[in-house]
Amino acid sequence: MILTIDFNSDEALYMQLRNQIIYGIANDEIKEGDSLPSVRQMADDIGINMHTVNKAYSVLKNEGFLKLDRRYGAIIAFSVDKLQAVEDMKDEMRVILAKAICKNVTEEEAIEIVHQIYDEFLT
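Residues numbered from 1 in each chain as written. Predicted model: local features only at pLDDT ≥ 70, side-chain atom pairs only at ≥ 80, totals over all residues. Heavy atoms only, no water.

*Asks:* In this structure, what is going on with helix H2 (residues 39-46)? I would like to understand it.
*Replies:* Given 3.6 residues per helical turn, the α-helix brings residues three or four places apart onto the same face. Of the positions making up H2, those classed as buried are Met42, Ala43 and Ile46. Taken end-on, H2 shows its buried residues confined to a sector of 100°, consistent with a single buried face. In H2, the exposed positions that point more than 90 degrees away from the buried face belong to Arg40 and Asp44. Looking at the buried residues of H2, the elements they touch are helix H1 (13-26) and helix H3 (50-62). Count one or two residues on from H2 and you reach Gly47, which has phi positive near 75°. (Buried < 20%, exposed > 50% of the residue type's maximum accessible area, 1.4 Å probe, protein only. Helix = DSSP H or I, 4+ residues; strand = E, 2+ residues; numbered from the N terminus. Arc of directions from axis to C-beta. Contact = heavy atoms within 4.5 Å.)

*Asks:* Would you take a moment to explain the side chain of Asn19 for this structure?
*Replies:* Relative to the assigned elements, Asn19 resides in helix H1. A distance of 3.0 Å separates the side chain of Asn19 from the side chain of Glu11, its partner in a polar contact. (Polar contact = N/O pair within 3.5 Å; in protein donor to acceptor, adjacent residues only side chain to side chain.)

Structure (structure tokens):
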């Protein structure tokens, strides 16, 4: 998996890393049970601070994407609490849709965007 970090972005580096790992999972580039590089190795590979990688891994763990083990490192392991995932998705989408409404994006346009994104991940 190739990670793309934009050092000029306003988005925090740890969130960019988190998002890239989630995209890799969604695209089936990373599978359940796969190991991620150690914090030190990931930091060296992409040229960021170890604390930034550690924060991204911690967020992924809290969100149910990773299991952290002192012996085996960061392992992709999904939390299967679908009801919680749906609630989390609603919370995140509520803000995204509010922003879209403020920018005059129609419901139809928003639904089409969702379909396009699903297609990107499923093809």
